[in-house]
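So you can see what is in the structure, the chains are spelled out below.
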Amino acid sequence: MGAATTLVSCSLLLTALLTSTHAATFLIENSCGYTVWAAASPGGGRALGPGQTWTLNVAAGTKMARIWGRTGCSFDGSGRGRCQTGDCGGLLNCQGWGNPPNTLAEYALNQYGNLDFFDISLVDGFNIPMVFTPTNNFGGKCHSIKCTADINGQCPGPLRVAQGCLNPCQVFKTPEYCCNNIKCGPTDYSRFFKLRCPDAYSYPQDDPTSTFTCPGGTNYKVVFCPRGASTFPLQMYVNETYVE
């Protein structure tokens, strides 16, 4: 085989490899009746009014990534300010992760077996109802997940904060809830979240029922306040019936 032919073959192989692990597209949509300051790591952040969308192209192989919504925000012309939930260092264009409480869409692209791994996590608490949906089904291999219950309205008293519901780790900071370097299981508080959002992570080691996969090359949609979610996701109520 000549040198030119070898170069052509290598070029074709490289093209095939790049094509098989191309970037994923994430469409972020705000279906809430109020502004949500969407955030993504990687990606940054921006304000989304009701009905507005934001498209992100994420590189193949990206891992430890997340998308979330921020509420109660105020930013100046330079993009500095503060949010009541999900704040990321006081910046409109996030450079890191957000502060609890924030409902998280988490993902890692093109991992073992060229699979994408994705989940909705309440390990950082809850602030906005969410659906995380693969937009190409691959013959039923992909599964849409959601957390659309009225978590804010029913939040147990010790976990309740303005515009959100904290996970017990943030409140009590004990190994039982945080699972720091120990094997841990569900608690009454984690069951509160799991009962209302069966698809979502309710505590740090809730992997078996909370991690989902799609073939690499899948595109995704994250919707805040999807149809069928609580009508008043920001309104807080006292739950008199819940006892830890």
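Residues numbered from 1 in each chain as written. Predicted model: local features only at pLDDT ≥ 70, side-chain atom pairs only at ≥ 80, totals over all residues. Heavy atoms only, no water.

Draft legend 1. Quick look at the packing of aromatic side chains. Following the criterion strictly, the structure yields 11 aromatic pairs and no others. Judged by centre distance (5.9 Å) and plane angle (55°), the ring pair of Tyr-177 and Tyr-189 falls under tilted. With Tyr-177 in helix α4 (residues 175-178) and Tyr-189 in helix α5 (residues 188-196), this pair connects stretches of sequence that are 12 residues apart. Of the two residues examined, Tyr-177 and Tyr-189, each falls in the buried class. Here the aromatic residues Phe-26, Tyr-107, Phe-118, Phe-132, Phe-212 and Tyr-220 are joined through ring pairs into a cluster of three or more. If you follow Arg-66 out to its NZ or CZ, it ends over the ring of Trp-97, 3.5 Å from the centre. (Phe/Tyr/Trp six-rings, centres within 6.5 Å; stacked < 30°, edge-to-face > 60°. Helix = DSSP H or I, 4+ residues; strand = E, 2+ residues; numbered from the N terminus. Buried < 20%, exposed > 50% of the residue type's maximum accessible area, 1.4 Å probe, protein only. Lys NZ or Arg CZ within 6 Å of the ring centre and 35° of its normal.)

Draft legend 2. Representation of the pairing of strand β4 (residues 53-58) within the structure. A one-sided burial pattern is seen for β4, the buried positions being Trp-54, Leu-56 and Val-58 and the unburied ones Thr-53, Thr-55 and Asn-57. Note: strand β1 (residues 24-30) against β4, six bridges, orientation antiparallel. Looking across to β4, one finds that Ile-28 is bridged to Trp-54. (Pairing = 2+ DSSP bridges.)

Draft legend 3. Representation of the pairing of strand β9 (residues 115-121). Burial runs high along β9: five of the seven residues are buried. Sheet analysis places strand β8 (residues 104-108) next to β9, joined by five bridges and oriented antiparallel. The partner of Ala-105 across the bridge, within β9, is Ile-120. Taking the residues that link successive antiparallel strands as the turn, the β8-β9 hairpin has six residues, and the phi of Asn-110 there is positive, at about 55°. Where β9 lies against strand β14 (residues 212-215), four bridges are found, and the strand directions are antiparallel. Bridge pairing in β14 links Phe-118 to Phe-212.

Draft legend 4. Here's a closer look at the sheet that holds strand β10 (residues 130-134). The five strands are arranged β4-β1-β15-β10-β11 in an open sheet whose pairing can be described as mixed. Edge positions in the sheet fall to β4 and β11 (145-147), since each of these pairs with one other strand and no more. The sheet shows a mean angle of 15° between the axes of neighbouring strands, taken without regard to direction. Strand direction decides the pairing type here: β10 and strand β15 (residues 220-224), joined by five bridges, are antiparallel. Its bridge partner lying in β15, Thr-133 is registered against Lys-221. (Axes fitted to C-alpha atoms, helices over the stretch in contact; angles between N-to-C directions.)

Draft legend 5. Layout of α5. All buried positions along α5 are accounted for by Tyr-189, Ser-190, Phe-192, Phe-193 and Lys-194. Where the residues of α5 are buried, they touch α2 (151-154), β13 (164-165), α3 (168-172) and α4. (Contact = heavy atoms within 4.5 Å.)

Draft legend 6. Summary view of the sheet that holds strand β2 (residues 36-41). The sheet built from six strands is open, its strands ordered β3-β2-β5-β8-β9-β14 with antiparallel pairing. Each edge of the open sheet carries a strand with a single partner, namely β3 (44-48) and β14. For this sheet the average axis-to-axis angle between neighbouring strands, irrespective of direction, equals 20°.

Draft legend 7. Region of interest: unusual backbone geometry. Backbone torsion omega between Ser-41 and Pro-42 reads 5°, so that peptide bond is classified as cis. When you line up the elements, Pro-42 lands in the loop between β2 and β3. Here the amide bond leading from Pro-100 into Pro-101 is cis, since omega sits at 0°, within 30 degrees of zero. Counting through the fold element by element, Pro-101 comes out in the loop between β7 (81-82) and β8. Phi is positive for Asn-110, which is not a glycine, with a value near 55°. Here Asn-110 shows up in the loop between β8 and β9. Residue Asn-110 is classed as buried on the basis of its relative accessible area, which comes to 15%. For Asn-181, which is not glycine, the phi dihedral falls at a positive 60°. Counting through the fold element by element, Asn-181 comes out in the loop between α4 and α5.

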